[in-house]
Amino acid sequence: MNTPESREESIMDILAYVCIGATFLFAGSRLIMYAYRRKRVPSEQELEELLLDVVNQKQGG
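First, a word on scope: everything that follows refers to the structure included in this document. Predicted, not measured: the structure shown is a model, and the values here were computed from it.

Details of the overall build of the protein
Here comes step 1: Of the regular secondary structure elements, the protein holds two helices and zero strands.
Here comes step 2: Against the compact-globule benchmark of 10 Å for 61 residues, the protein has a radius of gyration of 26 Å, which places it well outside the compact range.
Here comes step 3: Referenced to the eigenvectors of the C-alpha coordinate spread, the extents of the protein come out at roughly 85 × 20 × 10 Å.
Here comes step 4: For the protein, the proportion of its 61 residues judged to be buried stands at 0%.
Here comes step 5: As displayed, the protein offers around 6,200 Å² of accessible surface, 63% of which is attributable to carbon and sulfur atoms.
Here comes step 6: A gap of 7 Å separates the mean positions of the 7 positive and 9 negative side-chain charges of the protein.

Quick word on a negative patch on the surface
Here comes step 1: Together, E44, E46, E48, E49 and D53 line one region of the surface with negative charge.
Here comes step 2: The residue E48 is located in helix α2 (residues 44-60) in this model.
Here comes step 3: Under the relative-accessibility criterion, E48 is labelled exposed at 51%.

Some thoughts on α2
Here comes step 1: If you check α2, its first and last C-alpha atoms are 24 Å apart, about what 17 residues at 1.5 Å a residue would give, namely 24 Å.
Here comes step 2: For α2, the tally of buried residues reaches only zero of 17 residues, placing the bulk of the element at the surface.

Structural notes on a nonpolar patch on the surface
Here comes step 1: Side chains of I11, M12 and L15 sit close together on the surface and give an oily, nonpolar patch of about 300 Å² of accessible area.
Here comes step 2: As for its position among the elements, L15 is in helix α1 (residues 4-40).

So, the environment of E49
Here comes step 1: Residue placement: E49 occurs in helix α2.
Here comes step 2: Note on E49: relative accessible area 42%, which makes it partly exposed.
Here comes step 3: It is 34 Å that separates the C-alpha atoms of E49 and G28, two residues lying 21 residues apart in sequence.

Calculation rules
- Residues numbered from 1 in each chain as written.
- Predicted model: local features only at pLDDT ≥ 70, side-chain atom pairs only at ≥ 80, totals over all residues.
- Heavy atoms only, no water.
- Helix = DSSP H or I, 4+ residues; strand = E, 2+ residues; numbered from the N terminus.
- Rg over C-alpha atoms; globule rule 2.2 N^0.38 Å.
- Buried < 20%, exposed > 50% of the residue type's maximum accessible area, 1.4 Å probe, protein only.
- Areas by Shrake-Rupley, 256 points an atom, 1.4 Å probe, with all protein chains shown as cover.
- Lys, Arg positive; Asp, Glu negative; His and termini not counted.
- Charge placed at Lys NZ, Arg CZ, Asp CG, Glu CD.
- Patch = residues over 30% accessible without salt bridge, like charges linked within 9 Å, V, L, I, M, F, W, Y side chains within 5 Å.
- Salt bridge = Lys/Arg side-chain N within 4 Å of Asp/Glu carboxyl O.
- Expected span 1.5 Å × (residues − 1).

Quick look at the structure:
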């Protein structure tokens, strides 16, 4: 069973699993970053309040 062909096949299997695992890790990290960034996006009300604060500061100063 330890023929060169079987060793080559097992190496190819290992490489395939590593590539699949790397793909899942990459996709998972992208999903986590997307969720993190989306959570940090201010709501419309927060944006409105921020804009009003900026306008009030410019008018007062």
